[in-house]
Amino acid sequence: MNAMSLSAPLLRSILRCAVAAAIAASPVFAQDLLAVKAGRILTVSGPVVEDGVVLIQNGRITKIGKQAEVEIPWAAKVIDATGKTVMPTWVVAHSQGGMRNFNENMQNVPWLTVGDAVDPASPYFEDCLRNGVGAIHVMPGNQTLLAGQGMVVRPFGRTVEDMTIAANTGIKMSLAAGGSGRLQQIRKLRRAIADVREYLADFDRRKAEFDKEKAAGAIPADKKWTEEVDRTKKGAVDLVQKKAKGWLYVPSFAELDEALRLAQDLDLQVVLGNNIDEGVGLVKKLGKPVVLDDAIEYFETDEETQKEKRFCSAKLLADAGVPFALTLGQGGPTAYPWWQLGTCVRHGIARDKAIEALTMVPAQLIGMGDQLGSLSEGKLGNLQILTGDPLQATSWVETVVLEGQVVYERSKDPRLQYLFEAEKAKASKAAGPEKKETEKKDGAEPAKAEPAKAEGGKQDAPKSGNGNGRGVR
Amino acid sequence: MLRCTLLPTALVGLAATLSAQDLLVRAKTVVIAPDAVLADGRFLVRAGKVAYVGQDVPADAAAKATAIDCGDALVVPGFVLPPTTLGRDRDLAEAALPFTPDLRAVEAFDPWHEELAKLPHGGFTSAILSPSPRNIAGGLGALVKPGAGGGSVAAPDLHLALSLNAAARNPERPPTSLMGAVDLLRSAFAQAKSSAAAGPDVAVLRSALQGNRKIAIAADTLSEIQQALDLARDFGFDAVIVGARDADKALDRLVAQRAAVVIGGLAPEMRLAQLQFPARLAEAGVPFCFTGRPDQARLSAALAVRHGLDRKSAWAALSRAPAQMFGVAGQVGALRQGCAADFAVWSGDPLDLGSALRAVYVDGARVHGELPSAAANPASSPAAGVR
Amino acid sequence: MIRSLPLGAIALALAALLPAQDGVTVYRNARILPGGAPAIDNGVLVVGGGKILAIGGADTKAPNGAAVVDCAGKTITPGLIDASFRAGNTPDMNENGDEVTPHLRVLDSLEPADPSFVRARSAGVTAVHVMPGARSVIGGLGVVLKTHAKDPQAMVVKHDASLRIVMGAEPSMGNRAIRGGSVDSIYYRRPTTRMGVVWAARKAFYDAKEALEKSADAPPATPSPGVEVLTRVLRGQVTAVTTARSEQDLRTALRLAAEFGYRTVLDDAQDAHMLVDELKAAQTTVMLGAPSATAIAGSAGADGADPRSVTARLLADAGVPFVITTGSNAASLDLVREAMFAARNGISSARALDAVTIEPARLLGIDQRTGSLQKGKDADFVVWSTDPLDPAAAAESVFVDGIAVQVLR
């Protein structure tokens, strides 16, 4: 919009500068104004727009509409995704991805932060981009008690600072028995929280005494109270004062009672394991949306008949009317958004509801509902271009745009090239008559392109040691 | 205490003096066999065997006999414990070789073994001592009995004990898999059938295939049971399936092949289908009995009754059925004429767990408990003798 | 669960509960993917007596009085066939007593009540090929089974369907070199190297070949049962299936087969993309184990193999026959999902579906009975909620020999 109001000559000179700047290797400026023309836009928050366009300026979405109705500024970099699907990037509300060791051996460590453990070169973030994930709430692992602060990151950037969308997003807690029994774990968590409350009470009492003595003249008037809350307790203090959210991992229905009790005094976000079929009522009692583990499908065997019963935790919650966020696994089929959504639909969850569970709902749960989770004007310019419907296995993420920057292009994905490279050799050898049949298929084959320029650790040649090369094992 | 230490000596003395003396056992209820229950019944024991039953007892012999009056109690045949190692795996599981059909359990029989001596504490008066199911072909079992003066072998080389269950598949020596075990047995049987082969192990198999000896196969899972039944079908013998944990899933085949089942023991936490299995077997006419520790076997029968088994079949499962199954029905398992005078005196139905075991007799000699009060009363005892 | 089902599904469920085996049932309005033939939109499938009586378009004739099931919106495919199926995972699948046990039959170790059969058929698999485990060089004879039958004996479709040979490190895993101490353990006697593994196989085939040559000019002495099985392989009466993952093992498998003149199927051929031409020349069928395991983030395959996403596509292009299986990979998904991953990685959905239906039926030699929807074949079929390669597809009803073995709960 701003660009439109500039005079043409000025604009031209700006453009010239922009081109120069782009050549000088700063893609950011060139992408300052981005228009994505799409065959189909799934906005999530609003209606589907066929033959639409999304405008992103300065990292934020400024306009979404029909191509016929929206004028694309001529200065904008245009991505033509005609015939393709454009939708918001996925939001993962709870993940241990991108960290080497995510379970601290010491259980009560509220002063830690995942910011010190996130590895920008981790292949996990590569996979996130490949799968169209735009924001990940990274939290400490589940084998813990009070484990420290999480953060929301984008799967792009050379340093943790580059990647950070929001820091100190909440304190991770867990009711998963870390080596001890369930009751012991519950007791330990209660004890840890009680300790913090005692510490706080003691702190306040000492401060009150100080003030009293000062008022009484026992302490010189110019002496100030200098003691601050113990740094190692800060996170936990924030938690009990409800200044920080607690992210509580609840491995099964058996721990839900304790979760309900804790929810009375704390600002709690529950992350649910599976095996919850007997506790849906308790989840409902929480009165809040919950985050689900990546494994949403599970079996139970009837001891008498030896018959297996298949459950889907998401479906159980959907039936009970409890809003939920889905998450993605690291490796395995649950790492694929289409797998997770397909599983939901297979169990009878409405398609839109499933999509929301990996976009809007998690965005809201990590406190960024106004920034992420849908394509709407004013939100961050995060979108993905898919070759087809997001719920189809044959769809591939073509392009990922984060805050107006193109951060992933399938044609330049070195690891995909590696996995498909035998294809290239074959193609050069001989193109048989059967070749044509397969070429008709769209989206089955990554486009060939020259290798991308190195970008931080991400573009390492696959053979270099992420376990992809031959003979690594 | 004093009585305990004196008892053996006393019995030895008694045996010497009473060996020629008949015993007349009387009780309000005498179970000769599950389908022959005598009210106010009696039977005469002569030389350790049941000589006459009920009305058949000659008046003069009755008059001369020492009476054991059990009053209100129930006298039942002593229970027979089907294939068991009596806790003596070390002597009955040949670890070095998986296939030893010609080994004989009697060679490892210890007449003074503690487990044997304890059998009567559960109302058992005989057991089928069997090579351990840890071997694919363990060897030959024997009918053994406890006794006041040490145990005895009542029938040697009774049955051939084979095994397909998990214990037989030793991870450190072949065969380690079920298919390997089945192959071993199949080729061994085929060899025994072909006249060319000779040797002690082949002779044992051949004799069993000719029907001279029962073949018992330990098998728990459905696949093991099916393999056992396949072998029985292919080589033409009537199998006794021992253990039979999942046998409820193979009932049709058990019926079709006239197999018998030795159930490894029931416990309250088992699948309902397992607990109801004895009742279904009884309905289908498949012979069955229970093994395990002596107390377990009685509990198993009681649980089976709790889950629909009729009492007669339950009694049979503890006495007559195992005797018939292993071909010793003429010796043990009932109080018919000619059988060993192995019996137990219970305060009530032994299938009621509240019933107390008062005394147990093996071959007409008391091995456990007290003399029934009536007989123990010195005042009534001579009177009985006079009559 | 039933509450949430659409009416159609309930009708279908009820129809399935009827005694379908004797009565005739007509499935109408479905999209039918018959396997090895073009899709039929708005198709009709007529089933009776456990067999397919007719299949065709909307005008297909059906006998009067037949039960009719409306399958609008559904897709019907043949029952899937898993050509390398892991039935349970018990130690019984491997006989460790010897590294060469060709005469052992895996059927003897199979637990017909194993939950893996239930899980397979509830995922639309109606027939499976089970082989002995991979811990022996020559493990024994495989068997083809239906995933359901009234009597476990009746599950068998084909006895002695294959002889399993295993290359690579797996048969030597856990075996020990003798370093003093007792040599009682059987693990001391088994190969510890790739060389040793191949030697064991070569020795076995050498003995079989010798027996074969001797029997040609002398009256046949009774050969040992193992040798007898191997001579059947050499005569082409039993199919050899060689499990070989890495390129070197695949080459070894082909070399060994050429050396003794038998043909072999290659199981879990993860490095097949490296020797497409050789595979084509050898006219070898390839069993692809778990295409989903080619993780994008990349992980080395078993035995040092380097699986690529493109393998199925390359084989299809070169005309090398292949089937998709689950068996050799512990982390494999339902068979239909593996076909879905293959389609994602570049083969057409029709080809992917054939690779789990008619192709394995041909490979196993059971295509006269099952593997596609054709008049006269067994009524093994699946009614899917939508296209079977859609991640949201559920096997709503599964029929084996016309008997409903799954009616979606």
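Note that the coordinates shown come from a computational prediction; the quantities given were computed from them, not determined experimentally.

**Focus: the overall build of chain C**
And step 1. Along the backbone of chain C there are 10 helices and 16 strands.
And step 2. Considering chain C as a whole, with its 409 residues, one finds that 61% of them fall into the buried category.
And step 3. Nonlocal contacts in chain C, meaning residues at least 24 apart in sequence, comprise 68% of its contacts between residues at least 6 apart.

**Some remarks on the interface of chain B and chain C**
And step 1. With 18 residues of chain B at the contact, the number on the chain C side is 24 residues.
And step 2. Among the elements that line the side of chain B that touches chain C, the one with the most residues is helix H5 (residues 178–193) of chain B, at five residues.
And step 3. Looking at the side of chain B that touches chain C, its residues break down into seven nonpolar, seven polar and four charged.

**Overview of the pairing of strand S17 (residues 383–386) of chain A**
Residues and elements named next belong to chain A.
And step 1. Because side chains alternate across S17, one face comprises the buried residues Leu 383 and Ile 385, and the other comprises Gln 384 and Leu 386, equally buried.
And step 2. Alignment of strand S4 (residues 77–88) against S17, held across four bridges, turns out to be antiparallel. The residue bridging Met 87 from the neighbouring strand is Gln 384, located in S17.
And step 3. Looking at chain direction, S17 and strand S18 (residues 397–402) are connected through four bridges and run antiparallel. Residue Leu 383 lies in a different strand from S18, and its bridge partner there is Val 401.

**Topic: the sheet that holds strand S8 (residues 137–140) of chain B**
Residue and element names in this part refer to chain B.
And step 1. Across the sheet, which stays open at both edges, the six strands sit in the order S8-S11-S12-S13-S14-S15 with mixed pairing between neighbours. Either end of the sheet is taken by a strand with one partner, and the two such strands are S8 and strand S15 (288–290). Averaged over all neighbouring strand pairs, the angle between strand axes comes to 20°, with direction disregarded.
And step 2. Inspection of the sheet shows strand S14 (residues 260–263) paired to S15 by three bridges, in the parallel sense. In the sheet register, Ile 263 faces S15, and the bridge partner there is Phe 290.

**Topic: the domain arrangement of chain C**
Think of interface size as the accessible area that goes away when the parts come together; that is how it is often given.
All names here are of chain C.
And step 1. The assigned domain composition of chain C is domain 1 (2–79 + 372–407) and domain 2 (80–364).
And step 2. Contacts between the two partners involve 19 residues from domain 1, matched on the other side by 21 residues from domain 2.
And step 3. Listing elements by their share of the side of domain 1 that touches domain 2, those giving two or more residues are strand S5 (75–78), strand S15 (395–400) and strand S16 (403–407).
And step 4. Residue composition of the side of domain 1 that touches domain 2, by class: 11 nonpolar, six polar and two charged.

**A few points about the domain arrangement of chain B**
Residues and elements named next belong to chain B.
And step 1. Looking at the assigned domains, one finds that chain B contains domain 1 (2–78 + 334–386) and domain 2 (80–325).
And step 2. If you look at the interface, domain 1 gives 22 residues, while domain 2 gives 22 residues.
And step 3. At the level of elements, helix H1 (2–18), strand S1 (23–33), strand S17 (357–362) and strand S18 (365–369) are the ones that each hand at least two residues to the side of domain 1 that touches domain 2.
And step 4. Here the residues of the side of domain 1 that touches domain 2 sort into 17 nonpolar, two polar and three charged.

**Quick notes on the sheet that holds strand S7 (residues 125–130) of chain C**
Residue and element names in this part refer to chain C.
And step 1. Read from one edge to the other, the open sheet built from eight strands follows the order S6-S7-S8-S9-S10-S11-S12-S13, with strand pairing classed as mixed. With partners counted over all chains shown, the strands left at the sheet margins are strand S6 (80–85) and strand S13 (322–325), one partner each. Going across the sheet, the axis of each strand differs from the next one's by a mean of 25°, ignoring polarity.
And step 2. Pairing geometry for strand S8 (residues 138–146) and strand S9 (residues 156–166), over six bridges, is antiparallel. Counted as the bridge partner of Leu 145 is Val 156 from S9.
And step 3. Against the sheet, helix H2 (residues 115–122) makes contact with S6 and S7, and its axis sits at roughly 135° relative to S7, the strand it touches most.

Definitions and cut-offs
Residues numbered from 1 in each chain as written. Chains lettered and ligands numbered in written order. Predicted model: local features only at pLDDT ≥ 70, side-chain atom pairs only at ≥ 80, totals over all residues. Helix = DSSP H or I, 4+ residues; strand = E, 2+ residues; numbered from the N terminus. Buried ≥ 20, exposed ≤ 12 C-beta atoms within 10 Å, placed from the backbone. Contact = placed C-beta atoms within 7 Å. Nonpolar A, V, L, I, M, F, W, Y, C, P; charged D, E, K, R; others polar. Pairing = 2+ DSSP bridges. Axes fitted to C-alpha atoms, helices over the stretch in contact; angles between N-to-C directions. Domains from an automatic or database assignment.

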